[in-house]
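What follows is the residue order along each chain.
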Amino acid sequence: MSLIERITRTGPKKLLAIDGGGIRGIMALEILKRIEDQLRPDDDGDSFRLAHYFDFIAGTSTGGIIAAGLSIGMSVKEIMTFYETSGAQMFSRAGILERLRYKFESEPLAIRLQGAFGIDTTLDSSRLQTLLLLVMRNASTDSPWPLSNNPFAKYNDPIRTDNNGKIPLWQLVRASTAAPTYFPPEVIVLLGDTPENSRHFIFVDGGVTMYNNPAFQMFLMATVDRYWVHRPEARWQPGAEQMLIVSVGTGTCPDARSGLEPDDLNLLFNATSIPSALMFAASNQQDLLCRVFGDCRVGDSIDREIGDLIGNAGPMDQEKKLFTYLRYNAELTRAGLTTLGLPHIKPETVQKMDSVDGMSALREVGSKTADKVERKHFAGF
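Everything numeric in this text was worked out from a predicted model, so none of it was measured.

So, how was this worked out
- Residues numbered from 1 in each chain as written.
- Predicted model: local features only at pLDDT ≥ 70, side-chain atom pairs only at ≥ 80, totals over all residues.
- Heavy atoms only, no water.
- Helix = DSSP H or I, 4+ residues; strand = E, 2+ residues; numbered from the N terminus.
- Buried < 20%, exposed > 50% of the residue type's maximum accessible area, 1.4 Å probe, protein only.
- Contact = heavy atoms within 4.5 Å.
- Areas by Shrake-Rupley, 256 points an atom, 1.4 Å probe, with all protein chains shown as cover.
- Axes fitted to C-alpha atoms, helices over the stretch in contact; angles between N-to-C directions.
- Parallel < 35°, antiparallel > 145°, perpendicular 65-115°, else oblique.
- Left-handed = near helix turned anticlockwise from the far one by under 90°.
- Salt bridge = Lys/Arg side-chain N within 4 Å of Asp/Glu carboxyl O.
- Core = buried A, V, L, I, M, F, W, Y, C linked by side-chain atoms within 4.5 Å.
- Nonpolar A, V, L, I, M, F, W, Y, C, P; charged D, E, K, R; others polar.
- Pairing = 2+ DSSP bridges.

K.L.:
Explain the overall build of the protein to me, using residue names and the numbers behind them.
P.N.:
For the protein, the helix and strand inventory stands at twelve helices and nine strands. Looking at the protein residue by residue over its 381 residues, the buried ones come to 54%. Pairs at least 24 apart in sequence give 71% of the contacts found in the protein among residues at least 6 apart. About 17,000 Å² of surface is accessible on the protein, with carbon and sulfur atoms providing 52% of the total.

So, in structure tokens, the structure goes:
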């Protein structure tokens, strides 16, 4: 089945979003492995892939790596192997002079991404079995760039010289993972009708936009007619029985700096802490929007004031909810880890986005968090 046939067929649509979070993507992979196991048909053996179930997969930063891998038909196990074998190379320390701008080299990660997705695989490639959304920030225009492979989108028109579909997939993923202070930016050239009219854009991590958790933006891109400009009647219809959105996080750290003093907020502190602060805030906001406008079946408490919002009353009456929503995540604080039954894991081991030495601990956290996944959550889809 072609992508166009898949996205225009009738019936409920299933969407999957994966947060950004650096090496903590390993935690999300453990949750996705449980989802893959729960959804696998009894007679399917090992051939089942999440791309067979989900029609639209979105990811930001490390979530973009996972989303792209799932969309081209990789199993969760294969993507986990990529992280385990590439983790150290992905976080290869930059030279002393470069560390004034970023901590890690970009070339090792780029090479690994080229190997995983293919150097010639583009965003419009037939290898992509689902709609795919990757989020990045265009530093040149100071704006978020959520790019998808929707064949009916304005800037995916094959007759355009600046057709986004012709951009290499690995390069878009690399751009989405270029976290400021962690990795150097990615430069992407969009061709014009003449070489002089071509434009060079500088991209950084999509986590420093409001879409570190891309779940609600994915919903908008699935349902708003302007994202389907060449065939607006094909846009997906909302409704709690028509659309399922599954959102997978990479952990939260609400008390990561509980001992902070006012004098600690110097320039260096702000430069290194702002990316993670933005990612946490963005993920919370997108999660909150999904729980308010969707029928939330599962999800941990957002905060002590509003709780988990399961069965909430708000601007959308329960019978008018726009989609069914599932959220799986974990709190990586001392209290959160203890609640998961992991008192032996130190919070600082799993909170950092570049903690390569904490990969085994992150897998353990992900495995425990995955216990929240139940087949009944997917009932009706």
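That was the structure; now back to the text.
K.L.:
Hey, could you go over the packing of helix α6 (residues 107-117) against helix α7 (residues 169-176) for me, with residue numbers and the actual values?
P.N.:
Where α6 contacts α7, the axes come no closer than 9 Å and their chain directions differ by 140 degrees. By the angle class used here, α6 and α7 are oblique. The handedness of the crossing between α6 and α7 is right-handed. In contact with L109, A110, L113, Q114 and F117 of α6, α7 contributes L169, W170, V173 and R174.

K.L.:
I'd like a rundown of the pattern of salt bridges, residues and numbers included.
P.N.:
Taken as a whole and assessed by the stated rule, the structure comprises 19 salt bridges. Through salt bridges with shared partners, a single ionic network connects D19, D287, R291 and R327.

K.L.:
I'd love a proper account of unusual backbone geometry, names of residues and values included.
P.N.:
A positive phi angle is found at S61, which is not glycine, with a value near 60 degrees. Structurally, the position occupied by S61 is in the loop between β2 (56-60) and α4 (62-71). You can call S61 buried: its relative accessible area is 5%. Of note in this structure, L309 is not a glycine but carries a positive phi near 60 degrees. Looking at where L309 falls in the secondary structure, it is placed in the loop between β8 (295-298) and β9 (324-328).

K.L.:
So what about the nonpolar core? Which residues, and what values?
P.N.:
The biggest cluster of nonpolar side chains holds 72 residues, and the ones touching the most others in it are L32, I35, L70, L169, V246, V365 and F378. Per element, the largest residue contribution to this core is eight residues, and it comes from helix α2 (residues 25-39). Within the second largest apolar cluster, 26 residues are counted, among which are L3, F219, W228 and C296.

K.L.:
Report on the packing of α2 against α4, specifying residues and quantitative values.
P.N.:
Think of two packed helices as two axes; the pair is described by the angle between the axes and how far apart they sit. At a closest axis distance of 9 Å, the pairing of α2 and α4 adopts a crossing angle of 35 degrees. Where α2 crosses over α4, the two elements pack in a sense that is right-handed. Contact with α2, carried on its side by G25, L29 and L32, involves T62, I66 and L70 of α4 and no other residues of that element. Of the residues contributing to the contact of α2 with α4, the split by class is four nonpolar, two polar and no charged.

K.L.:
Please give an account of the pairing of strand β7 (residues 243-248) that cites residues and values.
P.N.:
Here β7 lies mainly inside the structure; six of its six residues are buried. Here β7 shows two buried faces, one formed by M243, I245 and S247 and the other by L244, V246 and V248. Sheet analysis places strand β1 (residues 13-18) next to β7, joined by six bridges and oriented parallel. Directly across from I18, in β7, lies its bridge partner V248.

K.L.:
Which residues make up the environment of R49, and what are the values?
P.N.:
In this structure, R49 sits in the loop between α2 and α3 (50-53). On the basis of relative accessibility, which here comes to 17%, the residue R49 falls in the buried class. Ignoring sequence-local partners within four residues, the contact set of R49 consists of E36, G73, M74, S75 and E78.

K.L.:
Please set out the pairing of strand β5 (residues 186-190) residue by residue, giving values where relevant.
P.N.:
Of the two faces of β5, only the one carrying E186, I188 and L190 is buried; V187 and V189 on the other face are not. Where β5 and strand β6 (residues 199-205) come together, five bridges link them in antiparallel fashion. Following the sheet pairing, E186 is matched in β6 by F203.

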